[in-house]
Amino acid sequence: LSSCGSRKTVQKGKLMDFTSTVIVPLLFGSLGIFAVFRLLQWMRMRAYLQEAVVVITGATSGLGKECAKAFHAAGSKLVLCGRDSKKLKDLVQELSTMTNHRKNTHKPHTVVFDLSDTKTVLNAAEEILKYLGHVDILINNAGISFRGTIVDTGLDVDKKVMETNYFGPIALTKALLPSMIKRRQGHIVAISSVQGKISIPFRSAYAASKHATQAFFDCLRAEVEQYDIDVTVVSPGYIQTNLSLNAVTADGSRYGVMDKNTAEGQTAAEVAQVVLSAVGQKKKEVLVAGLTPSLAVYLRNIFPRLFFTLMATRAKKERKAKDS
């Protein structure tokens, strides 16, 4: 018994020695390597964003406004785009009060235009290039949402959503792309949506525009890789913005309701930081959503019949709730 006990003691001692001499140093060494990697990643991201000319559409509210704050703080040279001149000026004033003296911050330039009007988009691109010479990062953020049944929605409403969410961004992208190709440098970002990957009932026009956006920028990514141009698609879930309030309905009128899911979504500031990080790390695609919508994306691809059944059930529940 004493011999057995002494063997166990020896084995326990060897195990402790192995832990203290091998495992613990290996663990701390791994943590050290990871910390160094993260530091280098942060330094590379900071260097990439600082002094970069960044164009942001839909900059006066929601995610666009928070992205403006994030990229301004990172030291980027901003071009803020929107339809409302006063709101753009107010944003410039707000950013000027947030100046971080530890970094070289720059006064943003503003360009007023309507993304749904292709002619004004082309004129805006000319103005941007004339003023700054080039664009390093284009963030296609502006968009409009939709609520309504397909059977009641006029084709003019579908076109309106498509003009703002799809044709406008690709018109601006195409207008700025040749200058990026010439420099063999540039980064194009599309703020899409989880609904660019899955479709939910009563969001047909919005989901269709975001599916088109996803497809276009996936193609673009492949085509411009030879020119060293990066393309990032960010697909958020619900964000606490006025998107649902400003959504158009089947007859083209304003929805004017804050959805429960939207009210309980991520803050625009949180998502803006994800966008900043994704751009800084040159990620090709980022899904910014909670567990349920993230699972729905995978469910759509792996078990489509189950996904379709769930969506049909959801449609029935929503229709019943509206009728009651």
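Residues numbered from 1 in each chain as written. Predicted model: local features only at pLDDT ≥ 70, side-chain atom pairs only at ≥ 80, totals over all residues. Heavy atoms only, no water.

- As recorded by an unreviewed UniProt entry, the protein carries the name Dehydrogenase/reductase SDR family member 7B and is attributed to Pedionomus torquatus.

### Thoughts on the packing of aromatic side chains
Then step 1. Tallied over the entire structure, the rule returns four aromatic pairs.
Then step 2. Look at tyrosine 166 and phenylalanine 216: their rings are 6.2 Å apart centre to centre, the planes differ by 85°, and that puts the pair in the edge-to-face class. Separated by 50 residues along the polypeptide, tyrosine 166 in helix α5 (residues 155-183) and phenylalanine 216 in helix α6 (residues 204-224) bring together distant segments of the chain.
Then step 3. Arranged with centres 6.0 Å apart and planes meeting at 70°, the rings of phenylalanine 307 and phenylalanine 308 form a pair that is edge-to-face.
Then step 4. Note on phenylalanine 307: relative accessible area 3%, which makes it buried. (Phe/Tyr/Trp six-rings, centres within 6.5 Å; stacked < 30°, edge-to-face > 60°. Helix = DSSP H or I, 4+ residues; strand = E, 2+ residues; numbered from the N terminus. Buried < 20%, exposed > 50% of the residue type's maximum accessible area, 1.4 Å probe, protein only.)

### Some remarks on the nonpolar core
Proteins that are soluble and globular tend to have nonpolar side chains buried together.
Then step 1. In this structure, Phe71 and Leu80 are the most contacted members of the largest nonpolar core, which totals 32 residues.
Then step 2. Elements with a contribution of two residues or more to this core: β1 (53-56), α2 (62-73), β2 (77-82), α3 (85-96), β4 (137-140), β6 (186-191), α8 (268-280) and β9 (285-288).
Then step 3. Residue contacts for leucine 80: discarding those within four places in its chain leaves Ile56, Ala59, Ala68, Leu88, Leu91, Val92, Leu95, Pro108, His109, Thr110 and Val111.
Then step 4. Counting residues in each nonpolar core, the second largest holds 31 residues, with Phe113, Val121, Val135 and Ala212 among its members. (Core = buried A, V, L, I, M, F, W, Y, C linked by side-chain atoms within 4.5 Å. Contact = heavy atoms within 4.5 Å.)

### Considering the sheet that holds β6
Then step 1. Pairing within the open sheet is parallel, and its seven strands lie in the order β3-β2-β1-β4-β6-β7-β9. The open sheet terminates on both sides in strands that have one partner only, identified here as β3 (109-112) and β9. Here the average twist between neighbouring strands, direction ignored, is 15°.
Then step 2. Relative to β3, β2 runs parallel, the two being bridged by four bridges. When the sheet's bridge partners are listed, cysteine 81 is paired in β3 with valine 111.
Then step 3. This element, helix α4 (residues 118-132), spans β1, β2 and β3 of the sheet and lies at about 160° to β3.
Then step 4. Across the sheet, α5 touches β4, β6 and β7 (229-236), and the angle it forms with β4 is around 170°. (Pairing = 2+ DSSP bridges. Axes fitted to C-alpha atoms, helices over the stretch in contact; angles between N-to-C directions.)

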